[in-house]
Amino acid sequence: MVSQNKKKVVIIGAGFGGLQVIKTLANDKNFELLVIDKKNHHLFQPLLYQVATAVLSPADIAIPTRSITTKYKNVKILFGEVTDINFKNKEVKFQNYTESYDYLVMATGAKTSYFGNPQWQNKTLGLKNLKDALAIRRQILLSFEQAELIADYETSKSLMHYVIIGGGPTGVELAGSIAELSHNIIRKDFRNIDSGMTKVTLIEAGPKLLNAFSESSSQFTKKKLESRGVEVLTNSPVLDITDSGVVLKDRTIESKTIIWAAGVEGSDLAKKTSINKDKANRILVDEYCRSIDHNDVFVIGDAANFSKGLNRPLPGVSPVAMQQGRYVAKLIQSIDKGKKTIPFQYFDKGNMATIGRTDAVAEFGALRLKGIIGWFGWLFVHLVYQVGFKNKMSTLISWVWSYLTFRAGSRLIQEEVNDLSVRS
């Protein structure tokens, strides 16, 4: 039971933003924190693609939320999905329970957007959580097994053709990693097929890959992907996705494995609330990361449209969520103490994306790193932001093993053979 002298902060979601709120308010005697999450773990999303391509296992990039908060006596974790919010009565409803709040922090993240074509969801694979990553891993590994069984390249050509839609960091990283897996890591493992004949196609509707990066980094990325055997198609908007493949303006690309990495929108919870949102269901917030409708409701990370004083909303990347999480927690403390508050200001730490083994691009203001130097910078940053010592060590060991031996250690298909079928 919450003390009458303590304010109750309900946090929905324990991702990058939510976790920073928790850590900042942890053990603050003036607050009781209730964290509600439909997952029981904190996920390091930037490395999901490595789970999807069998380099890392799920435990390498996820850690139980309870184990992070064990020492925080004012933090309670509840495993559940919020289904409704009564802003007037300041109540959150989840499962069959209702909890009140003094302050609400919505850190609900985002989900995959199909740009008004929901029917494409059943024909593609997205990558937003561990379940998605494991589904992609299963599909990729199973496609090679079925191609080996068929033992005829022409017949199995569509099985060994992987199409990624979306030329942002996720699409680039997936394309490079799948090419590396098929062309190098597993090439000696099969007898009837040559996995080096695998085709990977990356489709981008816009004029270049990695739109947030400089032209030189974009061109470098394209060149390095093509050197790995990836077909890069820019200025190629998708017109339709059918059972047989992807329809472009000038051709249809046949494939049994189509991965959608082209866009995101606000969560289902944000969509169903009465709160003001943009066209992508991101909640509109003011310069204090508060909902424009409710002063006691804060929205951070991918769930928020923060555009006050900006030409465009802040991007849905982890540094934004983390900085907003720390800011909102300190803002709540200031409000509770009657102190003066200042608007949120985002400090842009740059962009980075890995292309494959020893190749990445990283931009920090005027500093631009490419190739192996960029890759080491990417590796360092990702290890620093990993949560938990075990995760950092296991991830580093897995990376070193993969780097030195060209092996991927997480190539498991969990189902028995009679329960399997390739996505079609």
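Now for a quick tour of the structure. (Residues numbered from 1 in each chain as written. Predicted model: local features only at pLDDT ≥ 70, side-chain atom pairs only at ≥ 80, totals over all residues. Heavy atoms only, no water.)

1. Concerning helix α5 (residues 130-150)
Put simply, the rule is: For the purposes of this entry, the term helix denotes a DSSP run of H or I that reaches at least four residues, the term strand denotes a run of E that reaches at least two, and both are numbered from the N terminus. For a helix, the expected span equals 1.5 Å multiplied by the number of residues minus one. Exposure categories follow from relative accessible area, calculated using a 1.4 Å probe and restricted to protein chains: below 20% of the type maximum is buried, above 50% is exposed, and the middle band is partly exposed. Identification of polar contacts relies on pairs of N or O atoms within 3.5 Å, with a donor-acceptor requirement for protein atoms, meaning one able to donate a hydrogen and the other able to accept it, and with residues adjacent in sequence counted only if both atoms are side-chain atoms.
Look at α5: 30 Å from first C-alpha to last across 21 residues, which is about the 30 Å you get at 1.5 Å a residue. Taken as a whole, α5 has its buried residues at Leu 130, Ala 133, Ile 136, Arg 137, Gln 139, Ile 140, Leu 141, Leu 142, Ser 143, Phe 144, Ala 147 and Glu 148. Between the side-chain oxygen at the start of α5 and the backbone nitrogen of Lys 131 there is a gap of 3.2 Å, and the oxygen is on Asn 129. Of the residues flanking the end of α5, it is Ala 151, one or two places downstream, whose phi is positive at about 60°.

2. A few points about the environment of Arg 191
By secondary structure assignment, the location of Arg 191 is in the loop between α7 (169-185) and β12 (199-203). By relative accessible area, Arg 191 is classed as exposed at 66%.

3. Some words on the pairing of strand β13 (residues 230-233)
To keep it simple, the criterion reads: When DSSP finds at least two bridges between two strands, those strands are taken to pair. A clockwise course of the path from the first strand over the helix to the second, judged with the strands pointing away from the viewer, identifies a crossover as right-handed.
Relative to β13, β12 runs parallel, the two sharing four bridges. Each bridged residue has a counterpart across the sheet, and for Leu 202 the counterpart in β13 is Val 232. Viewed along the sheet, the connection from β12 through helix α8 (residues 215-227) into β13 turns out right-handed.

4. Description of the sheet that holds strand β1 (residues 7-12)
As a reminder of what qualifies: Lines fitted to C-alpha atoms define the axes here, with helix axes fitted over just the stretch in contact, and angles between the N-to-C directions of these axes take values from 0 to 180 degrees. Contacts are assigned to residue pairs with any non-hydrogen atoms lying within 4.5 Å of each other.
Pairing is parallel across the open sheet formed by five strands, whose spatial order is β5-β2-β1-β9-β20. The open sheet has two free edges, formed respectively by β5 (75-79) and β20 (297-299), since each of these has just one partner strand. Along the sheet, successive strands turn relative to each other by an average axial angle of 20°, direction set aside. Here six bridges tie β1 to strand β2 (residues 31-37), and the two strands are oriented parallel to one another. Along β2, the bridge assignment pairs Val 10 with Leu 34. Against the sheet, helix α1 (residues 16-25) touches β1, β2, β5 and β9 (103-106), its axis set at about 160° to β2. Against the sheet, helix α10 (residues 318-336) touches β1, β2, β9 and β20, its axis set at about 170° to β9.

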